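Letter by letter, the chains look like this.
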Amino acid sequence: MSEPDAVAAPASPRPQIAGLLERLCTGLYDRDEPVRLALLTAVAGESIFLLGPPGVGKSLVARRLKHAFASGRAFEYLMSRFSTPDEIFGPVSIRKLREEDRYERRIEGYLPGSDVIFLDEIWKAGPAIQNALLTVLNERVYRNGDQDVQVDIRAILTASNELPPAGESLSPLWDRFLIRYEMANVRSGKAFLSMITDTRDVYADNVDSDLKLTTDQLNRWSDGIDGVEVPAEVLNVVQVARHRIDEANETGAMPDGPLRLYDRRWKKVVRLLRTSAFLHGRSAVNLMDCFLLPHALWSRPSQRVLLQEIVQDSIHRHGYSLATGISALKREADELDAEIRSETEVQHVITERRPLLIDGEFYRILQTDNQMTATRIRAADYERLDAEEELVINLMDDEGNLRDRRRASRSGVENGFRAQFQGNHIELRLETQLVERTETIRRPAHSMLVAHWQRRIEQLQTAMNEQRQRLEDEVPAGLGDTDSHLFVDPSLGRIVRANHERVLQNFERMQLQLEKAQFRMSRDGTT
């Protein structure tokens, strides 16, 4: 009997997404990031809000995103105070109302029957439109008469040149937009000149059909996204960031705060991170994906910088550190090391006289001959003197001026030296001071205590090796995106790599610490 054919692993979405993004961003200048975030948000099944003045490309992002989907049914509308539900959701079917006595809208060609939605000046929508949008945004369901219609919307983009006005009950609608992005004019001088001289049609569909996303494909991907693992280091960053935001709210450090973030948003944020990982072809979220957090957390543009700092600092300081439990392991190693020292070492304080250092570099000579004008010797010269061989040294006065050069050697007198003077050798002493130094006296530990320490060291080493092995074997696979992430600035990869390297170095230092403790407890012949 022949063996059954092996089931091929699903192909990674990354090549298709990378190619798709390249085509979508062609001809755009300083607009790559909103296009990338809009595509990520669409695949995650969420919506994005673009903030910016007229003419900065908000509608261009939406029209480009339409070309990412095979069906490409788009609905675009500029809201006003006078917009009616008929203009957004379709007119009421007069025939059904007359013949069947049913109040039902003709939705084809309108928002419920489209794939990509772009609603400009969203805050001008009236209450009736807002209420219907809430259900569409959150549940992808439109209430058409007495029926709930499951809409097949793939991307919802909204825009405005202002934030939702206070006091108009727009908070529920505002909260439905997972990603918020502020757009501005082209900043780079080079990009600006290229933009104003580029004659290509930026609205044309330049995406090859094999790169476009199909409904079946997106449905399969949705199941795959739910299966992406969220490892401990990512959960730790999310938890630390959440705690830091709460602290900023309590202390008043949050600009235009407090910033209220509810459980639903955090849950959606984690799915956004899962989507990013899936589109890179990974089975787990990594720390690079966490840099997406600020886009999904700010409520006012003034909060964005602080949120970026919080997330970056959380990754830099706590990324793999908390996930590996290195702090707890280090604390246990320090406690064991201190215990071994206390049982095997006794600190003995010794008081002795040593030369008094003056002006940071001299020793003072106590005069024994009135004919000598020198009062100082350089400390470095004195320390290199030898009892067996005479060396030439400089002797100085109190102002540091050279007064004499003599051949000298170390004498048997403590804190003194012998110098040639007028054919004779004279003994010179240095001014001294009392100093204390600590001397460590070793003592053997009981063999049963040594055996106990050895077991604890072996347990610590086993735990350390397991975590270090994971950092060396598993984590590097997730570091591959640090220089080529599809949705995050690759320059931020240095923060992830720095944390990874620092944790590995800390494990190496801990290993050395345990080896020294092992040597300390056993060098007295007690093992």
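Residues numbered from 1 in each chain as written. Predicted model: local features only at pLDDT ≥ 70, side-chain atom pairs only at ≥ 80, totals over all residues. Heavy atoms only, no water.

1. With respect to the overall build of the protein
Rules: A run of H or I in DSSP becomes a helix once it reaches four residues, and a run of E becomes a strand once it reaches two; helices and strands are each numbered from the N terminus. Radius of gyration: C-alpha atoms only; globule rule: 2.2 Å multiplied by the number of residues to the exponent 0.38. For every residue, the accessible area obtained with a 1.4 Å probe (protein chains only) is divided by the maximum for its type, and the residue is called buried under 20%, exposed over 50%, and partly exposed between those limits. Two residues form a contact once any of their heavy atoms are found within 4.5 Å. Accessible surface area values rest on a Shrake-Rupley calculation with a 1.4 Å probe, where residue burial reflects the displayed protein chains alone. Neither His nor the chain ends is counted toward charge; the positive residues are Lys and Arg and the negative residues Asp and Glu. Charged side chains are reduced to one point each, which is NZ for Lys, CZ for Arg, CG for Asp and CD for Glu.
What the protein contains, in helices and strands, is 18 helices and 16 strands. Taken over the C-alpha trace, the protein has a radius of gyration of 37 Å; the compact-globule value for 527 residues is 24 Å, which it surpasses by more than 25%. Across its three principal axes, the protein shows a C-alpha extent of roughly 130 × 70 × 50 Å. In the protein, which comprises 527 residues, the proportion classed as buried is 46%. Across the protein, the fraction of contacts at a sequence separation of at least 24, relative to all contacts at a separation of at least 6, is 72%. Carbon and sulfur atoms make up 47% of the accessible area of the protein, which amounts to about 27100 Å² in all. Distance between charge centroids for the protein: 3 Å, based on 70 positive and 82 negative side chains.

2. Examining the pattern of salt bridges
Threshold: Just to be clear on terms, a salt bridge is a Lys or Arg side-chain nitrogen sitting within 4 Å of an Asp or Glu carboxyl oxygen.
Taken as a whole and assessed by the stated rule, the structure comprises 42 salt bridges. Here R376 and D359 are joined by a salt bridge, their closest N and O atoms 2.9 Å apart. Residue R376 is found in strand 11 (residues 376-378), and its partner D359 is found in the loop between strand 9 (357-358) and strand 10 (362-366); the two are separated by 17 residues along the sequence. Given the relative accessible area of 58%, D359 is considered exposed. The salt bridge involving R376 is made with D398; its shortest N-O contact spans 3.6 Å. Of the two residues, R376 sits in strand 11 while D398 sits in the loop between strand 12 (391-396) and strand 13 (402-410), which places them 22 residues apart along the sequence. Exposure remark for R376: the relative accessible area of 6% places this residue in the buried category.

3. What about the sheet that holds strand 6 (residues 155-160)?
Heads up, the rule is: For two strands to pair, DSSP has to find at least two bridges joining them. Angles shown run from 0 to 180 degrees and are taken between the N-to-C directions of axes, each axis being a line fitted to C-alpha atoms and, for helices, limited to the stretch in contact.
Pairing within the open sheet is parallel, and its five strands lie in the order 2-3-6-1-7. In this open sheet, the two strands that pair with only one neighbour each are strand 2 (74-78) and strand 7 (179-182). In this sheet, neighbouring strand axes are inclined to one another by 15 degrees on average, regardless of whether the strands run parallel or antiparallel.

4. Here we look at a nonpolar patch on the surface
Note the following rule: Patch membership requires over 30% relative accessible area and the absence of a salt bridge. Like charges are linked within 9 Å, and nonpolar side chains (Val, Leu, Ile, Met, Phe, Trp, Tyr) within 5 Å.
A cluster of nonpolar side chains, F192, L193, M195 and I196, forms an exposed patch at the surface whose accessible area comes to about 380 Å². Assignment of secondary structure puts M195 in helix 8 (residues 189-197).

5. With respect to the confidence of the model for the protein
Stated precisely, the cut-off is as follows: You can read pLDDT as the predictor saying how much it trusts each residue, on a scale of 0 to 100.
Across the protein, pLDDT averages 89, with 95% of residues at or above 70. Mean pLDDT in the protein bottoms out at helix 17 (residues 475-478), which sits at 66, and peaks at helix 12 (residues 293-297), which reaches 97.

6. Some details on the nonpolar core
The nonpolar side chains of a soluble globular protein tend to be buried, and buried together. Where we set the bar: What we call a nonpolar core is a set of buried Ala, Val, Leu, Ile, Met, Phe, Trp, Tyr and Cys residues that are connected through their side-chain atoms within 4.5 Å.
One finds L39, L111 and L157 to be the most contacted residues of the largest nonpolar core, which totals 127 residues. The greatest single-element share of this core, amounting to nine residues, is contributed by helix 18 (residues 493-522). Every residue in contact with L157, bar those within four places of it in the chain, is listed here: A38, I48, L50, V61, A62, L65, V116, I117, F118 and L119.

7. So, the packing of aromatic side chains
Here is the rule we go by: Here is the rule: rings of Phe, Tyr and Trp (six-membered ring for Trp) pair when centre to centre is within 6.5 Å. Planes less than 30 degrees apart are stacked, more than 60 are edge-to-face, and the remainder are tilted. We call a charge positioned over a ring when the NZ of a Lys or the CZ of an Arg lies within 6 Å of the ring centre and within 35 degrees of the ring normal.
Taken as a whole and judged by the stated rule, the model has 12 aromatic pairs. Residues F49 and F177 carry aromatic rings whose centres are separated by 6.0 Å and whose planes lie at 20 degrees to one another, so their mutual orientation is stacked. Linking F49 in strand 1 (residues 47-51) with F177 in the loop between helix 7 (171-175) and strand 7, this pair joins segments that are 128 residues apart in sequence. A residue is classified by how much of its surface remains accessible, and F49, at 0% relative accessible area, is buried. Judged by relative accessible area, F177 falls into the buried class, the value being 0%. On the numbers, 6.3 Å between centres and 45 degrees between planes, the contact of F75 with Y110 is tilted. Of this pair, F75 sits in strand 2 while Y110 sits in the loop between helix 5 (94-99) and strand 3 (116-120), placing them 35 residues apart in sequence. Take Y110: its relative accessible area is 26%, and that puts it in the partly exposed class. An aromatic cluster of at least three residues, connected via ring pairs, comprises F49, W123, W174, F177 and W298. Positioned over the ring face of W174 is R180, at 3.9 Å from the centre of the ring.

8. Observations regarding the side chain of Q513
As for its position among the elements, Q513 is in helix 18. Filtering out sequence-adjacent residues up to four positions away, Q513 remains in contact with K330, A333, D334 and D337.

9. Describing helix 1 (residues 14-25)
This is how it is decided: To estimate how far a helix should reach, multiply one less than its number of residues by 1.5 Å.
When the terminal C-alpha atoms of helix 1 are compared, their 16 Å separation across 12 residues agrees well with the 16 Å that a helix rising 1.5 Å per residue should span. Residues R14, Q16, I17, G19, L20, L21, L24 and C25 constitute the buried set of helix 1. Where helix 1 is buried, its residues touch helix 2 (32-43), helix 3 (58-66), helix 9 (215-226) and helix 11 (263-279). Directly after helix 1, the chain includes G27, whose backbone phi takes a positive value near 85 degrees.

10. Things to note about the environment of R384
Put simply, the rule reads: Identification of polar contacts relies on pairs of N or O atoms within 3.5 Å, with a donor-acceptor requirement for protein atoms, meaning one able to donate a hydrogen and the other able to accept it, and with residues adjacent in sequence counted only if both atoms are side-chain atoms.
For R384, the location among the structural elements is in the loop between helix 15 (379-383) and strand 12. Given the relative accessible area of 43%, R384 is considered partly exposed. With 75 residues separating them along the chain, R384 and Q459 place their C-alpha atoms 48 Å apart. Within the local environment of R384, its side chain forms a polar contact with the side chain of D381, the two groups lying 3.3 Å apart. A distance of 3.4 Å separates the side chain of R384 from the backbone oxygen of V392, its partner in a polar contact.

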